[in-house]
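What follows is the residue order along each chain.
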Amino acid sequence: MIGVFDSGLGGLTALCELAELMPGEDFVYFGDTGRVPYGSKSADTIIRYSEEIMRFLLGFGIRAALVACGTASSAALPTLRRKFALPIFGVIDAAAEAAVRTTKNGRVGVIGTSTTIRLGAFAQKINELDPKIEVSSVACPLFVHLVEDGFTAPGDPVTLAAAERYLSPLRTAGIDTLVLGCTHYPIISGAIAAALPGVTLISSGKAAADMLASALKEDISPGKKGTIRCFVSDTPESFESAARVFMGDIPLGSAEFVDISKY
Ligand code: DGL
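Residues numbered from 1 in each chain as written. Predicted model: local features only at pLDDT ≥ 70, side-chain atom pairs only at ≥ 80, totals over all residues. Heavy atoms only, no water.

K.L.:
How would you explain the pairing of strand β7 (residues 177–180) if you had to name every residue and give the values?
P.N.:
On β7, burial covers both faces: T177 and V179 on one face and L178 and L180 on the other are all buried. One ladder, built from four bridges, connects strand β5 (residues 107–112) with β7; its direction is parallel. Across the sheet, residue I111 finds its bridge partner in β7, namely L180. As paired elements, β7 and strand β8 (residues 200–203) share four bridges and run parallel to each other. Opposite L180, over in β8, you have S203 as the bridge partner. Once you follow β7 into helix α9 (residues 189–195) and on to β8, the crossover reads as right-handed. (Buried < 20%, exposed > 50% of the residue type's maximum accessible area, 1.4 Å probe, protein only. Helix = DSSP H or I, 4+ residues; strand = E, 2+ residues; numbered from the N terminus. Pairing = 2+ DSSP bridges. Right-handed = clockwise from strand over helix to strand, strands pointing away.)

K.L.:
Before we move on, can you summarise the environment of A209 with the specific residues and values?
P.N.:
Relative to the elements of secondary structure, A209 occurs in helix α10 (residues 204–215). Sequence separation of A209 and A14 is 195 residues, and the distance between their C-alpha atoms is 5.6 Å. In contact with A209, not counting residues within four places along its chain, are A14, E17, L18 and L21. (Contact = heavy atoms within 4.5 Å.)

K.L.:
Residue-level account of the site of the ligand, with values.
P.N.:
Of all residues adjacent to the ligand, which total 14 residues, the nearest are S7, Y38, G70, T71 and H184. G70 has a polar backbone atom sitting 2.6 Å from an oxygen atom of the ligand. Between T183 and the ligand, the recorded distance is 2.8 Å, taken from a backbone N or O atom to an oxygen atom. Expressed as a share of its isolated accessible area of 290 Å², the protein-covered part of the ligand is 99%. Of the residues belonging to the shell around the ligand, the class tally is six nonpolar, seven polar and one charged. (Near = heavy atom within 4 Å. Polar contact = N/O pair within 3.5 Å; in protein donor to acceptor, adjacent residues only side chain to side chain. Areas by Shrake-Rupley, 256 points an atom, 1.4 Å probe, with all protein chains shown as cover. Nonpolar A, V, L, I, M, F, W, Y, C, P; charged D, E, K, R; others polar.)

K.L.:
Please give an account of the sheet that holds strand β4 (residues 88–89) that cites residues and values.
P.N.:
In any sheet, the strands associate via hydrogen bonds between backbone groups, in a parallel or an antiparallel arrangement. The strand order β4-β3-β1-β2-β9-β10 describes an open sheet built from six strands, whose pairing is parallel. Strands with a single pairing partner mark the edges of an open sheet, and in this sheet they are β4 and β10 (256–257).

K.L.:
Let's hear about the sheet that holds strand β6 (residues 134–139): which residues, and what values?
P.N.:
The strand order across the open sheet built from four strands is β6-β5-β7-β8, with neighbouring strands paired in parallel fashion. Each having just a single partner strand, β6 and β8 make up the two edges of the open sheet. Shown here is a sheet whose adjacent strand axes are inclined to one another by a mean of 20 degrees, direction ignored. Pairing of β5 with β6, which is carried by six bridges, proceeds in the parallel orientation. Each bridged residue has a counterpart across the sheet, and for V110 the counterpart in β6 is S137. Helix-sheet contacts for helix α4 (residues 92–102) involve β5, β7 and β8, and the interaxial angle to β8 is about 160 degrees. Helix α8 (residues 157–173) rests against β5, β6 and β7 of the sheet, and its axis sits at about 170 degrees to β6. (Axes fitted to C-alpha atoms, helices over the stretch in contact; angles between N-to-C directions.)

K.L.:
Could you give an account of the nonpolar core, with specific residues and numbers?
P.N.:
Counting 47 residues, the largest nonpolar core has V4, L66, I228 and F239 as the members making the most contacts within it. Setting aside its immediate chain neighbours within four residues, I228 contacts L15, A19, F27, M247, I250, P251, L252 and G253. Counting residues in hydrophobic clusters, the runner-up holds 26 residues, among them I62, A65, A75 and F231. (Core = buried A, V, L, I, M, F, W, Y, C linked by side-chain atoms within 4.5 Å.)

K.L.:
Give me the lowdown on the side chain of S73, citing residues and values where you can.
P.N.:
Relative to the elements of secondary structure, S73 occurs in helix α3 (residues 70–83). Setting aside residues up to four positions removed in sequence, S73 forms contacts with V67, G90, V91 and I92.

K.L.:
Can you tell me about the packing of helix α2 (residues 43–58) against α3, naming the residues and giving the values?
P.N.:
Running from amino to carboxyl end, α2 crosses α3 at an angle of 55 degrees, the nearest separation of the two axes being 9 Å. Between α2 and α3, the angle is such that the two are oblique. In this structure, the crossing between α2 and α3 has a hand that is right-handed. Here A43, I46, I47, S50, E51 and M54 of α2 come into contact with α3, specifically with T71, A72, A75, A76, T79, L80 and K83. Looking at the contact of α2 with α3 residue by residue, the classes come out as eight nonpolar, three polar and two charged. (Parallel < 35°, antiparallel > 145°, perpendicular 65-115°, else oblique. Left-handed = near helix turned anticlockwise from the far one by under 90°.)

Dropping the structure here:
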């Protein structure tokens, strides 16, 4: 079993990819819907939340974890790796590698929550891989709220306007590749692409899922169908209906509430 967590719905963009790449694997997903958003909180708070979630997930006997959240990966990954003895994947390295592989003109944009952009881990990793790449970073704090509140239909005018407002400086900067440094953002990729025509979008959740799936072998008997259990820290109903839309054909059981602060 593999544990995956995010502050809310965003990590489903990674889980979806993982379920397709590892169809026989069992997954346990935790969305911290009672405490979303993480992106405006301090690194210390995010580390505390992430440790609680890891302790909860370890109760399922997970063999690896994916921190499917750009903010928690930026703030908490080194601490989690020090404290918990299992492979823990984040979204930064995989997305940075994909961006470096993709860019042709050496100009890469990074968008994420305020905390992610302030901590600068995506830009740092990209420049570690290739110091010549010019990285332009922009915080898009409204995007997580738009996704969690359901402003996700293609052509939604509020989301299109927010995308135009945040992303026009990146158009001016001439980027050809954009890292979606928050796992919520692929859910509104239509609006992001509309503001940045011709720019290749890198989903950090998908890149991380690809990296995890190639690093870990599926630990299953042939023909076994994997299961997905979902837990949230607020009422399960709204999560379930939104989650089903994003997961498409991948069956999700009903989400269960957990009082995560007990862990
Ligand atoms: N999906 C989270 C991320 O990747 C959203 C953070 C938030 O809750 O603000 O950063």
